[in-house]
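Notes for the structure review
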Amino acid sequence: MNRRECLHLLTGLAGAALVGEASAQGAEPKAIPTIMPPDSNPKMPSFKLPPKSCDTHTHIFGPASRYPFAEKRPYNTADAPLETFRSLHEKIGVERCVIVNATVHGTDNRVVTDAIAQSEGAYKGIANVNDEMNEKELASLDKGGICGCRFAFLKRLGGVGDMTKFQRIVHRVAELGWHIDVYFEPGTIAEFAPILTALPAPYVIDHMGTVQAGKGLDDPGFTALLDLQKRDEKCWVKITGLERASAAGKPFHDAVQFAKALIDNAPDRVIWGTDWPHPNVKIMPNDGDLVDLIPLYAPDEKVRQKLLVDNPARLFKFSS
């Protein structure tokens, strides 16, 4: 993406946060693509996660009969309900998690808050919001275990909105003590850095900044991420999406060096997640295999404790 395209993108928000305002004057409606379901047989990982490990980026889809998908959703998906979600975490050893509301549910966050209510304090959530929500609605989400909101600056995830409204909503949620979760197109971190450093709250960059392993560690997009992570104390990075970053495919070892570089760069501001059920991936991973990558990019036990337990407990305010 060149500078002109990126600056054009900065005039709006792509994603569920403002999807209700999306419109295409005179455009023909496009068919909604259907994404792959997750691997139905997750492996038991060889690596044992420490107690209170937290999966900080995971989703629940449906069931659509109870939690209908948004009319203007960017993709169709099979149900990936709470029961399957729990079964996966039990198998791989996750005790805590943060449920990120996906764009298929729009700004209906019940699929997240209902799961949190049943978790006995083990779950927190990231909501989809918009500037039309009133203070009572935001306060209700906060009470329901929401601790952040997400904005996806991706063309493929739909809607375009007003950047002024983005600024308003982030200032409103900052007053609740929330952080901002952001998802970018590959190679755009440098263009967004001025906006991010000016945010009134901590922010978390999804999927290692959508790094592309085939471009190498010296890729300007990745070095821009390392620079931002190092110099801005508000910047956190999710060690997720190695399957998205990989150019070589399974077992995704070519992406390990990028995860390790980010962890070594700011070990107190990195968090880990599975991204189950892995929406919009080209190669579907097995979650047991993803867990077994952890000791490759975090070989030190003390660093793993930060990545998996201590850092998420601090950012998401889990009780001890």
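This section reports on the structure supplied with the text. (Residues numbered from 1 in each chain as written. Predicted model: local features only at pLDDT ≥ 70, side-chain atom pairs only at ≥ 80, totals over all residues. Heavy atoms only, no water.)

Topic: the pairing of strand S2 (residues 96-100)
Among the five residues that make up S2, five are buried, leaving the element largely enclosed by the rest of the structure. Neither face of S2 is exposed, since Arg96, Val98 and Val100 on one face and Cys97 and Ile99 on the opposite face are all buried. Crossover connection from strand S1 (residues 54-58) via helix H2 (residues 82-92) to parallel S2: handedness right-handed. In this fold, S2 hands off to helix H3 (residues 110-117), which returns the chain to strand S3 (residues 123-127); that crossover is right-handed. (Buried < 20%, exposed > 50% of the residue type's maximum accessible area, 1.4 Å probe, protein only. Helix = DSSP H or I, 4+ residues; strand = E, 2+ residues; numbered from the N terminus. Right-handed = clockwise from strand over helix to strand, strands pointing away.)

Things to note about the pattern of salt bridges
When their charged atoms lie close together, side chains carrying opposite charge are able to pair. The full count for this structure, using the stated rule, is 17 salt bridges. Residue aspartate 131 pairs with arginine 172 through a salt bridge whose shortest N-O separation is 3.3 Å. Residue aspartate 131 is found in the loop between S3 and helix H4 (135-143), and its partner arginine 172 is found in helix H5 (residues 163-174); the two are separated by 41 residues along the sequence. With relative accessibility at 17%, the residue arginine 172 sits in the buried group. A salt bridge links aspartate 227 to arginine 231, with the shortest nitrogen-to-oxygen separation between them at 2.7 Å. (Salt bridge = Lys/Arg side-chain N within 4 Å of Asp/Glu carboxyl O.)

Here we look at the packing of aromatic side chains
Taken as a whole and assessed by the stated rule, the structure comprises nine aromatic pairs. For the ring pair phenylalanine 61 and tyrosine 75, a centre distance of 6.4 Å and an interplane angle of 65 degrees mean the geometry is edge-to-face. Here the residue phenylalanine 61 occupies a position in the loop between S1 and H2, and tyrosine 75 occupies one in the loop between S1 and H2, the gap between them amounting to 14 residues. The exposure class of phenylalanine 61 is buried, given its relative accessible area of 1%. Note that lysine 124 overlies the ring of phenylalanine 318, its terminal NZ or CZ placed 4.9 Å from the centroid. (Phe/Tyr/Trp six-rings, centres within 6.5 Å; stacked < 30°, edge-to-face > 60°. Lys NZ or Arg CZ within 6 Å of the ring centre and 35° of its normal.)

Observations regarding the environment of threonine 210
Note on placement: threonine 210 falls in the loop between strand S6 (203-205) and helix H7 (220-231). The exposure class of threonine 210 is buried, given its relative accessible area of 14%. Ignoring any residue separated from it by four or fewer positions in sequence, one finds threonine 210 in contact with Tyr183, Phe184, Glu185 and Pro186. A polar contact is formed between the side chain of threonine 210 and the backbone oxygen of phenylalanine 184, at a distance of 3.0 Å. (Contact = heavy atoms within 4.5 Å. Polar contact = N/O pair within 3.5 Å; in protein donor to acceptor, adjacent residues only side chain to side chain.)

What about the sheet that holds strand S5 (residues 179-184)?
Backbone hydrogen bonds are what pair the strands of a sheet, in a parallel or an antiparallel way. Taking strand neighbours across the sheet as the criterion, the eight strands line up as S1-S2-S3-S4-S5-S6-S7-S8 in an open arrangement whose pairing is parallel. Edge strands, defined here as strands with exactly one partner in the open sheet, are S1 and strand S8 (270-272). Adjacent strand axes in the sheet meet at a mean angle of 25 degrees when their direction is disregarded. Relative to S2, S1 runs parallel, the two sharing three bridges. Paired with aspartate 55 across the two strands is cysteine 97, which belongs to S2. Here H3 sits on the sheet in contact with S2, S3 and strand S4 (146-153), set at roughly 165 degrees to S3. Where helix H12 (residues 301-316) meets the sheet, its contacts fall on S1, S2, S3, S4, S5, S6, strand S7 (235-239) and S8, and the angle it forms with S8 comes to roughly 110 degrees. (Pairing = 2+ DSSP bridges. Axes fitted to C-alpha atoms, helices over the stretch in contact; angles between N-to-C directions.)

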